[in-house]
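# Geometric and topological summary
Residue strings, one per chain:
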Amino acid sequence: MSHSKAATIFNKDEKKVNWHDKALWFVRHKRDKSVHSVEGWENLRNLGQGIKAHMLSNLDNYLIQFEEKALKNGVQVHWAKDGDEHNKIVHSILKEHNAKKVVKSKSMLTEECHLNPFLEADGIEVIDTDLGERIVQLAKEPPSHIVLPAIHKTKEEVDELFQEHLGTKPCGGDPQYLTGEARKHLREKFVNADAAITGVNFAIADTGGFVVCTNEGNADMGAHLAPVHIACMGIEKIIPKQEHLGVFLRLLGRSATGQHITTYSSHFRKPREGAKMHIVIVDNGRTEQLSRPDFRASLQCIRCGACMNTCPIYRRSGGHSYDATIPGPIGSILSPGKDLKKHSSLPFASTLCGSCSDVCPVKIDIHAQLYKWRQIITKEMKQPFVKKVSMEMMGKMFAKPSQFEKVGMVARWSLRNLPKSVINSKPNVWGRERDLPKGPKESFDEWYKNRKKNE
Amino acid sequence: MSSRADILARVKTNKPKLLNIPNIALDVFEDGRDLLKEFTVKVETAGGQVFETQSKDLVVGEVQKLFPEAKVNFSTLENTEDFNTINLEAIKTPHDLEDLDVLIVESNVGVAENGAIWLNDALLPMRILPFITKHLVVILKKDDLVTFMHQAYQKLNGEDTGFGVFLSGPSKTADIEQSLVIGAHGALSLSVFLV
Ligand code: SF4
């Protein structure tokens, strides 16, 4: 389904769309407020961009260094070419430890690899422990946002879900009560888990350690209780040195939710006594994206979600309309690199206003990359007949000023004189949900010439 | 070819030519703010409380006043046997800590710009402690406050710890319609005592 079709479905509930739009805009505001309190914010962004760009230009060496240090720290390191291999590795580690119950903290990578269904098929219970992720897991939906996974759900919907699955009392969607019940429910899961899976926010080449950021403390509750901790990371999570965390931890929380830092920034380096720690390093299309000079900067992303919160299209179409693990502006440049055909409508789900690039903490030129994908897609993919013909006609018309004038005259007359039913007829998508303006009597060109004459 | 060799080979072929690593110059961030005030504001913004106290020895007494209902307590301070109701030596698995009401620990780095406090393996007898406790109390010397994360990492440089955490405020979530709820999975409250 194209993005615009999926967005139409989301837009059926106007009240919800308005709420979604405002809620995300509010998060964008919180980001602005905390960012403006930081002296030298632009310097910080430049550093973030520069460190990540450097990392990509030396990534193979940093990966080798990271592995060497991690092994020395007593951590086992695994490599996976694609999602399938990643799932098999995780599965085999769990089998080796005879783990049947797994708690997982937020990891977009394991979503990308579809780890949960793979493990569940073998009778392994996988519980997502981030509250938002647990909500969408119970609803059997994917997350709709990378930082706020259940932002598309109303509190009443959560209330109903919890009544059905956790046996809670009806509460009119009281967030305090529902969160408290989730805490109890998940506490039980943490205490009984055989293994914990976490994502990785940053992996440090010179220490072999990695950092996981959460607000809820769920990654720590999982990792410090279970006998086995498996951390899954994409190859691009590497940063050269621990001191670089100073830059990224200052950028991440503020860009994500306006917090000056996430509640827990946990630095894992060695397994605790008696426990095991594994790291799975995953490619799954990343080396291919690295080969594309126009798009490789997308691998600098630190998954803060700011580009989603600010995007006028995302806010009004919802994360699910992108039909991709990473939605929103950054998702729209990552996804076509994986499957151009499936995701060909995504680079068009943008006004190219550039707001995403403005807020991005690592200065990815998101809107420029969207524009570049559009050019590739228009060249390589069959365009709808109407679009193709109308584009050709427009091209010819713009090439001849006299014709452009005539067409303009007709259009202005039509907008003034034709009934609305004709103007807003079906082929005119611009007439949907809005009225077109009344056509002025003269064109800009005529107005300008007349003005000159009268001077 | 193994996946490792394959991935590394592909990175080598596909990466751009080597770019310089930027130098982190700290002077551009200087904002002249007062360390102590800034730290206090930021801990409070993150949902925690800050108390100033004359001496470390007074903390236990003040904590008992703060949490009169607490039954299961543990502190890593010396000479607090009267306060401690659990004996860590006797704890076989971390799960036995589930009922912990109050934990008192010491930190050696606090960051003014965001109210974050550093705890690590050397300061924690068990990693799960600051997460599983209901109420977390941290003691920090004013001298251990730094302005930004950059200075914090300068202090941590060379520290070879198996686990460490920058912790800012109690655990929280806003996953239900963006309403902030304190106390998701980790501690329900954070109190910082500055000495
Ligand atoms: S592209 Fe930039 S703004 Fe968007 S999620 Fe990634 S880091 Fe954040």
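Bear in mind that the values here come from a model prediction, so they are computed numbers and not experimental data.

## Section: the packing of helix α9 (residues 155-166) of chain A against helix α10 (residues 175-192) of chain A
Geometrically, a packed helix pair is captured by the angle between its two axes and the distance between the axes. Residues and elements named next belong to chain A. Look at α9 against α10: their axes get within 11 Å of each other, and the N-to-C directions meet at 35°. Both α9 and α10 take part in a crossing whose hand is left-handed. In contact with Lys 155, Val 158, Asp 159, Phe 162 and Leu 166 of α9, α10 contributes Leu 178, Ala 182 and His 185. Considering only residue class, the contact of α9 with α10 consists of five nonpolar, one polar and two charged.

## Observations concerning the side chain of A:Ser265
Looking at the element boundaries, A:Ser265 is found in strand β9 (residues 264-268). Polar side-chain contacts of A:Ser265 include one of 3.5 Å to the side chain of A:Thr262. With residues near it in sequence (within four places) discarded, A:Ser265 still touches A:Val211, A:Val212, A:Cys213, A:Leu249, B:Gly164, B:Val165 and B:Phe166.

## A look at the confidence of the model for chain B
Looking at chain B as a whole, the pLDDT averages 95, with 100% of positions reaching at least 70. Across the interfaces of the predicted complex, the ipTM metric reaches 0.97, alongside a pTM of 0.93.

## Structural notes on helix α5 (residues 149-156) of chain B
Most of α5(B) sits inside the fold, with six of its eight residues counted as buried. Along α5(B), the positions that sit buried rather than exposed are B:Met149, B:His150, B:Gln151, B:Ala152, B:Tyr153 and B:Leu156.

## As for the packing of aromatic side chains
Using the criterion set out here, one finds 14 aromatic pairs over all chains in the structure. Relative to B:Phe148, the ring of B:Phe29 has its centre 6.5 Å away and its plane inclined at 65°; by these criteria the two rings are edge-to-face. Note that B:Phe29 is positioned in the loop between α1 (3-14) and α2 (35-45) and B:Phe148 in the loop between β7 (145-146) and α5, a separation of 119 residues in sequence. For B:Phe29, a relative accessible area of 0% gives the class buried. The lysine or arginine in question, A:Lys52, covers the ring of A:Phe248, its NZ or CZ lying 5.6 Å from the ring centre. Positioned over the ring face of B:Phe29 is A:Arg250, at 4.8 Å from the centre of the ring.

## Some words on the pairing of strand β1 (residues 76-80) of chain A
All names here are of chain A. In terms of burial, β1 is a largely internal element, four of the five residues being buried. As judged from the five bridges shared by β1 and strand β10 (residues 276-282), these two strands associate in the parallel manner. Counted as the bridge partner of Val 77 is Ile 279 from β10.

## Remarks on the interface of chain B and chain A
The interface is formed by 71 residues belonging to chain B together with 92 residues belonging to chain A. For the pair chain B and chain A, the interface holds eight salt bridges. The partner of A:Arg269 in a salt bridge is B:Asp160, with the nearest N and O atoms 3.3 Å apart. If you look at where chain B meets chain A, you find 35 residue pairs in polar contact (both at pLDDT 80 or more). Contributions of two or more residues to the side of chain B that touches chain A are made by α1, β5 (116-120), α4 (129-132), α5, β8 (163-167), β9 (172-173) and β10 (181-182) of chain B. Across five bridges, β9(A) lies against β8(B) in antiparallel orientation. Opposite A:Phe268, over in β8(B), you have B:Phe163 as the bridge partner.

## Notes on helix α2 (residues 14-36) of chain A
Residue pairs spaced three or four apart in an α-helix point in one direction, given the helix's 3.6 residues per turn. Residues and elements named next belong to chain A. A rise of 1.5 Å per residue sets the reference length of α2, with its 23 residues, at 33 Å; its end C-alpha atoms lie 33 Å apart and thus fit the reference within 8%. Turning to α2, its buried residues number three or more, namely Val 17, His 20, Asp 21, Ala 23, Leu 24, Val 27, Arg 28, Arg 31, Asp 32, Ser 34 and Val 35. Buried residues in α2 make contact with α1 (3-10), α3 (41-57), α12 (245-257), α14 (306-310), α15 (312-317) and α17 (355-359).

## What to know about the environment of A:Phe404
Residue and element names in this part refer to chain A. Among the structural elements, Phe 404 can be located in helix α20 (residues 401-417). Look at Phe 404 and you get partly exposed, because its relative accessible area is 43%. When the C-alpha atoms of Phe 404 and Met 394 are compared, they prove to be 9.1 Å apart, with ten residues separating the residues in sequence. With sequence-adjacent residues up to four places away left out, Phe 404 is seen in contact with Met 397 and Phe 398.

## What about the site of the ligand?
The ligand sits among A:Cys301, A:Ile302, A:Arg303, A:Cys304, A:Gly305, A:Cys307, A:Ile330, A:Cys360, A:Pro361, A:Val362, A:Ile364 and A:Ile366. Of the residues assigned to the shell around the ligand, the class counts are ten nonpolar, one polar and one charged.

## Some words on the UniProt feature "domain: LUD" (unreviewed entry) in chain B
In the numbering adopted here, UniProt assigns the feature "domain: LUD" (unreviewed entry) to residues 48-195 of chain B. This span, residues 48-195 of chain B, is 14% helix and 28% strand, and a straight line between its end C-alpha atoms measures 17 Å.

## Side note on the pattern of salt bridges
Between side chains of opposite charge, a pair can form when the charged atoms approach closely. Counted by the stated rule, this structure contains 38 salt bridges over all chains. With a shortest N-O distance of 2.9 Å, A:Asp60 and B:Lys15 are connected by a salt bridge. Taken as a pair, A:Asp60 in helix α4 (residues 59-72) and B:Lys15 in the loop between α1 and α2 lie in two separate chains rather than in one. On the basis of relative accessible area, B:Lys15 is assigned to the partly exposed category, the value being 21%. Salt-bridge contacts for A:Lys338 lead to A:Glu112; the nearest nitrogen and oxygen are separated by 2.9 Å. You can see A:Lys338 sitting in helix α16 (residues 328-338) and its partner A:Glu112 sitting in helix α6 (residues 108-112), a full 226 residues away along the chain. The exposure class of A:Lys338 is partly exposed, given its relative accessible area of 47%. Salt bridges here are not isolated pairs; linked through shared partners, they connect A:Glu112, A:Glu236, A:Arg286, A:Arg303 and A:Lys338.

Conventions and cut-offs
- Residues numbered from 1 in each chain as written.
- Chains lettered and ligands numbered in written order.
- Predicted model: local features only at pLDDT ≥ 70, side-chain atom pairs only at ≥ 80, totals over all residues.
- Heavy atoms only, no water.
- Axes fitted to C-alpha atoms, helices over the stretch in contact; angles between N-to-C directions.
- Helix = DSSP H or I, 4+ residues; strand = E, 2+ residues; numbered from the N terminus.
- Left-handed = near helix turned anticlockwise from the far one by under 90°.
- Contact = heavy atoms within 4.5 Å.
- Nonpolar A, V, L, I, M, F, W, Y, C, P; charged D, E, K, R; others polar.
- Polar contact = N/O pair within 3.5 Å; in protein donor to acceptor, adjacent residues only side chain to side chain.
- pLDDT = per-residue confidence, 0-100.
- Buried < 20%, exposed > 50% of the residue type's maximum accessible area, 1.4 Å probe, protein only.
- Phe/Tyr/Trp six-rings, centres within 6.5 Å; stacked < 30°, edge-to-face > 60°.
- Lys NZ or Arg CZ within 6 Å of the ring centre and 35° of its normal.
- Pairing = 2+ DSSP bridges.
- Salt bridge = Lys/Arg side-chain N within 4 Å of Asp/Glu carboxyl O.
- Expected span 1.5 Å × (residues − 1).
- Near = heavy atom within 4 Å.
- UniProt positions renumbered as here; feature names shortened; annotations may be inferred.

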